[in-house]
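Listed here are the chains, written in short residue letters.
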Amino acid sequence: MKILNIGSLNIDYVYTVPHFVRPGETLSSTAMEVFCGGKGLNQSIALARAGLEVYHAGFIGEEGGLLAQNLADNGVDVSLIQPCAEKSGHTIIQVDAAGQNCILLYGGANRRITEEYIDKALAAFSAGDMLLLQNEVNLVNSMIRKAKARGMRVAVNPAPMSPDMLLAPLDLVDMLFLNEVEAADLCGEVDPQLQIPALRARYPNVTLVLTLGEQGALYQAPGGETFRQGIYPVTVVDTTAAGDTFIAYLLAGLEVNNDIPQCLRLAAMAAALTVSRKGAAASIPRMEEVRECLCS
Ligand code: RIB
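Residues numbered from 1 in each chain as written. Predicted model: local features only at pLDDT ≥ 70, side-chain atom pairs only at ≥ 80, totals over all residues. Heavy atoms only, no water.

1. Thoughts on the packing of aromatic side chains
The full count for this structure, using the stated rule, is three aromatic pairs. The interplanar angle of 65° and the centroid separation of 4.6 Å between the aromatic rings of phenylalanine 59 and tyrosine 117 together place this pair among those described as edge-to-face. Residue phenylalanine 59 is found in strand β5 (residues 59-60), and its partner tyrosine 117 is found in helix α3 (residues 115-122); the two are separated by 58 residues along the sequence. Given a relative accessible area of 4%, tyrosine 117 falls into the buried group. Against the face of tyrosine 55 rests lysine 2, its NZ or CZ located 5.8 Å from the ring centre. The ring centre of phenylalanine 125 lies 4.8 Å from the NZ or CZ of lysine 2, which sits over that ring. (Phe/Tyr/Trp six-rings, centres within 6.5 Å; stacked < 30°, edge-to-face > 60°. Helix = DSSP H or I, 4+ residues; strand = E, 2+ residues; numbered from the N terminus. Buried < 20%, exposed > 50% of the residue type's maximum accessible area, 1.4 Å probe, protein only. Lys NZ or Arg CZ within 6 Å of the ring centre and 35° of its normal.)

2. As for the site of the ligand
In the vicinity of the ligand there are 13 residues, among which Asp12, Gly38, Lys39, Glu136 and Asp244 approach most closely. Contact distances for the ligand include 3.0 Å between an oxygen atom and a side-chain N or O atom of asparagine 10. One of the side-chain N or O atoms of aspartate 12 is found 2.6 Å from an oxygen atom in the ligand. Protein coverage of the free-state accessible area of the ligand, which is 280 Å², stands at 96%. Only β2 (10-16) and α1 (39-49) provide two or more residues apiece to the shell around the ligand. (Near = heavy atom within 4 Å. Polar contact = N/O pair within 3.5 Å; in protein donor to acceptor, adjacent residues only side chain to side chain. Areas by Shrake-Rupley, 256 points an atom, 1.4 Å probe, with all protein chains shown as cover.)

Have a look at this one:
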């Protein structure tokens, strides 16, 4: 199976702060680093590090060459990535003393995708291949419809949530990856225990995966079979890209293995390793390391 990820490519400017800046406050950061990121790029790198054949599509500005290079260095096919006359997507990320983050996002080039570009990107993919999407690029709804019309499987992580995502044809997709906030926006329930039944009523044929931070994750197949996975406790350095890593490793696990609890453990361990390090893509482990940690 080939995976096409039409996804964001961001330059992350990461500031270490004692606490998140408050309204009206000027706060000195104690460190500043620049990382390759974007939910799209992070998920592509995690898929490649987990051993899958990954194709990344999307737009970058003239300063975004490092993003395509970073993907290529990780074995991702970047032949579909195009330059455009816009700033590359970028973020300002604050990481506080507890390793939690908050992110200010500028979509930039990520939001320049056109219908013609989608057709071109999908042209080399067909039934059996997968399209992976997040919500940091434009025209996601059209991508879902076009990929399903080609017989592709579609996995969607509708992050960050936006009003137009509420109208997206998510009932057509094969897998939905949501955190509690995204799930609450989609189904109107805030209690994770109530979210799964509410989402199930709305999306009867979709495999649902809820990532619940310190509470771990819930997986439910369309038939109702449900699995819960806890977290592997680690010292939290930076939570950026933990969700991206979990998604990619779960998809990678499921490609070769029908044992869902085992795939969930793989994804949880990969995410734990990611939060124990700084940065987005830079913090994502390779499959060998994840397997070693699971065995030890
Ligand atoms: O999921 C983490 C990512 O979200 C960061 O790399 C940042 O670019 C934002 O898109």
